[in-house]
Amino acid sequence: MNNDPAQISVDALSVLYRRGGHTVRALDNVSLAIHGGEAVGIVGESGSGKTTMARVLTGLVSPTTGSARIEGRTIADWLRSDPMRFRRRVQMIFQDPYGSLNPRLTVRQTLAEALQVHRIVPRGAEGERIVELMRAVGLDPSYADRYPHEFSGGQRQRIGIARALAVDPAILIADEPVSALDVSVQAQVLNVLRDLHAARGLTLVLIAHDLAAVRYVCRRIIVMHRGRIVEEGTSDAICENPRDDYTRQLLAAVPSLGVQ
Ligand SMILES: Nc1ncnc2c1ncn2[C@@H]1O[C@H](COP(=O)(O)OP(=O)(O)OP(=O)(O)O)[C@@H](O)[C@H]1O
Ligand SMILES: [Mg+2]
């Protein structure tokens, strides 16, 4: 399947979790294709399988049946043969910017660690790259020696984004990156993602409950419901002319960010 032009391709993917005596079908026969440089939103209510999809694409959960490929290779194959390179290609941004940062490391140490693990720059020569990364996400480089608790939620999420960018990934998977933030700063963080996508040609998969947030950043939207894709299309088509009842319900429920 190496001639598959899609950068991310998911084929008939199902994921079953065992919980107690029963089985939860978190993803049910899902297929999708995302091309290099696209920004694609995945929306759906709680429990629709969005995080499970993010975890499959980042190699944290294995498909029960079906497959997930990055650049033509299954993720299982990547992890078996070239896990470090896979970690450099695909990075994830988490919902909780506090829980995902080490509270004992300053911003400089957090970013230096990412650069060192992947040997991006020679040891001791991280300084310039750290300044560049902080600027790229709109953080003042003079804050480099501060700890996570000294920052606001929005700033912490910027640190998480800078850490993901440190390894120069091709693909960024952001799972609800703004839903833990004050509404007033959500649009700012979305702007960072939008600008990075535009400036670097990164492939961005943005997962959210909120259609308005996703539309602001992504040209294409995939709507999930109970582990299945119920509709996909351009953001404009989905938001202006939804074909599926469930998408209409999501649109009606949009509280909105004030970003449109
Ligand atoms: N580790 C797990 N063990 C058992 N069931 C799980 C596990 N993780 C998720 N599930 C179940 O799988 C389904 C899909 O969950 P998932 O977290 O992927 O949804 P989601 O769309 O990300 O929801 P949310 O919007 O609340 O984050 C849900 O029914 C959930 O309860
Ligand atoms: Mg989730």
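Residues numbered from 1 in each chain as written. Chains lettered and ligands numbered in written order. Predicted model: local features only at pLDDT ≥ 70, side-chain atom pairs only at ≥ 80, totals over all residues. Heavy atoms only, no water.

Caption draft 1: Examining the packing of aromatic side chains more closely. In the structure shown here, the tally under the stated rule is two aromatic pairs. Pairing Trp78 with Phe86 gives two aromatic rings, centres 6.0 Å apart and planes at 45 degrees, and the pair type is tilted. As far as the burial class goes, Trp78 and Phe86 line up, both buried. A cation over a ring is seen here: Arg194 above Tyr216, with NZ or CZ 4.3 Å from the ring centre. (Phe/Tyr/Trp six-rings, centres within 6.5 Å; stacked < 30°, edge-to-face > 60°. Buried < 20%, exposed > 50% of the residue type's maximum accessible area, 1.4 Å probe, protein only. Lys NZ or Arg CZ within 6 Å of the ring centre and 35° of its normal.)

Caption draft 2: Focus on the pattern of salt bridges. One pass over the full model with this rule turns up 14 salt bridges. Here Arg25 makes a salt bridge to Asp28, at a shortest N to O gap of 3.7 Å. Salt-bridge contacts for Glu38 lead to Arg220; the nearest nitrogen and oxygen are separated by 2.8 Å. Highlighted residues: Glu38 in the loop between β2 (22–34) and β3 (39–43) and Arg220 in strand β9 (residues 220–225), separated in sequence by 182 residues. Among the charged side chains, a network of salt bridges with common partners joins Arg25, Asp28 and Arg228. (Salt bridge = Lys/Arg side-chain N within 4 Å of Asp/Glu carboxyl O. Helix = DSSP H or I, 4+ residues; strand = E, 2+ residues; numbered from the N terminus.)

Caption draft 3: The arrangement of the sheet that holds β3 in detail. Ordered by their spatial adjacency, six strands build an open sheet running β6-β7-β8-β3-β9-β10, and the pairing between neighbours is mixed. Looking at which strands have only one partner, the edges of the open sheet turn out to be β6 (90–93) and β10 (228–234). Taking the axes of each pair of neighbouring strands and ignoring which way they run, one obtains an average angle of 15 degrees across the sheet. Here helix α1 (residues 50–57) sits on the sheet and contacts β3, β6, β7 (171–175) and β8 (203–208); the angle it forms with β7, its principal contact strand, is near 150 degrees. (Pairing = 2+ DSSP bridges. Axes fitted to C-alpha atoms, helices over the stretch in contact; angles between N-to-C directions. Contact = heavy atoms within 4.5 Å.)

Caption draft 4: Molecular detail of the pairing of β9. Of all the six residues making up β9, five are buried; the element is thus mostly covered by neighbouring parts of the structure. Relative to β9, β3 is paired through four bridges, and the arrangement is parallel. Looking at β9, one finds that Val43 is bridged to Val223.

Caption draft 5: Highlighting the side chain of Ser235. Along the chain, Ser235 turns up in helix α9 (residues 235–240). A residue is classified by how much of its surface remains accessible, and Ser235, at 3% relative accessible area, is buried. Among the polar contacts made by the side chain of Ser235, one reaches the main-chain carbonyl oxygen of Cys218 at a distance of 2.4 Å. Contact partners of Ser235, with chain neighbours within four places excluded, come to Arg215, Cys218, Arg219, Arg220 and Ile221. (Polar contact = N/O pair within 3.5 Å; in protein donor to acceptor, adjacent residues only side chain to side chain.)

Caption draft 6: View of the nonpolar core. Within the largest apolar cluster, 48 residues are counted, with the highest numbers of intra-cluster contacts made by Val137, Ile161, Leu206 and Ile221. In terms of residue count, helix α6 (residues 153–166) provides more of this core than any other element does, six residues in total. Contacts of Ile161, omitting those with residues within four sequence positions, involve Ile93, Val137, Val189, Val192, Leu193 and Leu196. Ranked by size, the runner-up nonpolar core spans 29 residues in total, among them Leu32, Val40, Met92 and Ile173. (Core = buried A, V, L, I, M, F, W, Y, C linked by side-chain atoms within 4.5 Å.)

Caption draft 7: Inspection of the site of ligand 1 at higher detail. Surveying the vicinity of ligand 1 reveals 14 residues, the closest of which are Ser46, Gly47, Lys50, Thr51 and Thr52. In the environment of ligand 1, an oxygen atom lies 3.0 Å from a nitrogen or oxygen atom belonging to the backbone of Gly49. Lys50 is positioned with one of its side-chain polar atoms (N or O) 2.7 Å from an oxygen atom of ligand 1. Within the complex, 68% of the 630 Å² of free accessible area of ligand 1 lies under protein. Broken down by secondary-structure element, the contributors of at least two residues to the shell around ligand 1 are β1 (8–19), β2 and α1. For the shell around ligand 1, the element with the highest residue contribution is α1, accounting for three residues. A class-by-class count of the residues in the shell around ligand 1 yields three nonpolar, seven polar and four charged. (Near = heavy atom within 4 Å. Areas by Shrake-Rupley, 256 points an atom, 1.4 Å probe, with all protein chains shown as cover. Nonpolar A, V, L, I, M, F, W, Y, C, P; charged D, E, K, R; others polar.)

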